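Architecture and fold: a report
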Amino acid sequence: EIKRALEAIDRPLRRLQISVRFEDASDRQRTNIGAGGTISSDGSRIDVTAQDSRRSSDERVDQRLQVLEGSRAVIFTGQSRPLRAPDGVFIQELATGFEVTPRLAGGGVLLEIAPQRESPGAQPGSVQGQRVATTITTRLGEWVEIGGTASAAARDERGLASSSQRRAGESRRVWLKVEELAN
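A brief structural summary.

About the cut-offs
Residues numbered from 1 in each chain as written. Predicted model: local features only at pLDDT ≥ 70, side-chain atom pairs only at ≥ 80, totals over all residues. Heavy atoms only, no water. Helix = DSSP H or I, 4+ residues; strand = E, 2+ residues; numbered from the N terminus. Contact = heavy atoms within 4.5 Å. Core = buried A, V, L, I, M, F, W, Y, C linked by side-chain atoms within 4.5 Å. Buried < 20%, exposed > 50% of the residue type's maximum accessible area, 1.4 Å probe, protein only. Pairing = 2+ DSSP bridges. Axes fitted to C-alpha atoms, helices over the stretch in contact; angles between N-to-C directions. Salt bridge = Lys/Arg side-chain N within 4 Å of Asp/Glu carboxyl O.

**Points about the environment of L16**
Tracing the chain through its elements places L16 in strand 1 (residues 15-40). Considered as a pair, L16 and L140 are 124 residues apart in the sequence and their alpha carbons are 9.6 Å apart. In contact with L16, other than residues within four places in its own chain, are L65, Q66, V67, E69, P102, L104, V178, E179, E180 and L181.

**Structural notes on the nonpolar core**
Within the largest apolar cluster, 17 residues are counted, with the highest numbers of intra-cluster contacts made by I18, V20, I75, F98, V100, L111 and L176. Secondary-structure elements contributing two or more residues to this core are strand 1, strand 3 (73-85), strand 4 (88-105), strand 5 (108-118) and strand 8 (162-181).

**With respect to the pairing of strand 1**
Looking at chain direction, strand 1 and strand 2 (residues 43-68) are connected through 26 bridges and run antiparallel. Paired with E23 across the strands is R60, a residue of strand 2. Connecting the antiparallel pair strand 1 and strand 2 is a turn made up of two residues.

**Regarding the pairing of strand 4**
Here strand 3 pairs with strand 4 via 13 bridges, running antiparallel. Within the sheet, the bridge partner assigned to V74 lies in strand 4 and is E99. With antiparallel pairing between neighbouring strands as the criterion, strand 3 and strand 4 make up a hairpin whose turn holds two residues.

**Let's talk about the sheet that holds strand 1**
Strand order across the open sheet formed by four strands is 2-1-8-7, with antiparallel pairing between neighbours. Each edge of the open sheet is held by one strand with a lone partner, namely strand 2 and strand 7 (144-158). Here the average twist between neighbouring strands, direction ignored, is 5 degrees. Examined bridge by bridge, strand 1 and strand 8 share 20 bridges and lie antiparallel to one another. Paired with E23 across the bridge in strand 8 is R173.

**Comments concerning the pattern of salt bridges**
Scanning all chains against the criterion turns up 15 salt bridges. The salt bridge partner of D62 is R21, with a shortest N-O separation of 2.9 Å. One end of the pair, D62, is in strand 2; the other, R21, is in strand 1, and 41 residues separate them in sequence. Of the residues examined, D62 reaches a relative accessible area of 29% and is grouped as partly exposed. Residues joined by salt bridges that share partners form a network here, namely R14, E69 and E180.

Right, dumping it as structure tokens:
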């Protein structure tokens, strides 16, 4: 009985591949219509202008990493920007991300997800603040959306002989997929 119990608990940890997908989309639209004119002793003149523009962009970034079952993986995304200082210019790194710990359960996977943030001037990988985590369950090999943001703005202006409309929308979605790898 002891041998069977040991065989049940003494098994090698399984290797997992975590895929992370960041999807960014933006859409901007602008429409302007205007009319103007002059009337003088030389005659009259009318000017009509119209402008319509639209700009869309989509970006998708995929990252993959391997972990052992029950091990933590940290995924960061961020930006670098130059900052002027009295002694020159230096690059400031700003990063946010999350920590994920996958645990296999039956045919699915249990994911513990905790947000992470690096603050300027901190050592890489150091985290400040309290720990908040959420747990989700999904199937192996299936994409699951774990977060996202969306924003939209609209502006309408109308005058006696003019009209202007501006629309803008942005969204960012974060997806996660866990697959088991052969040992």
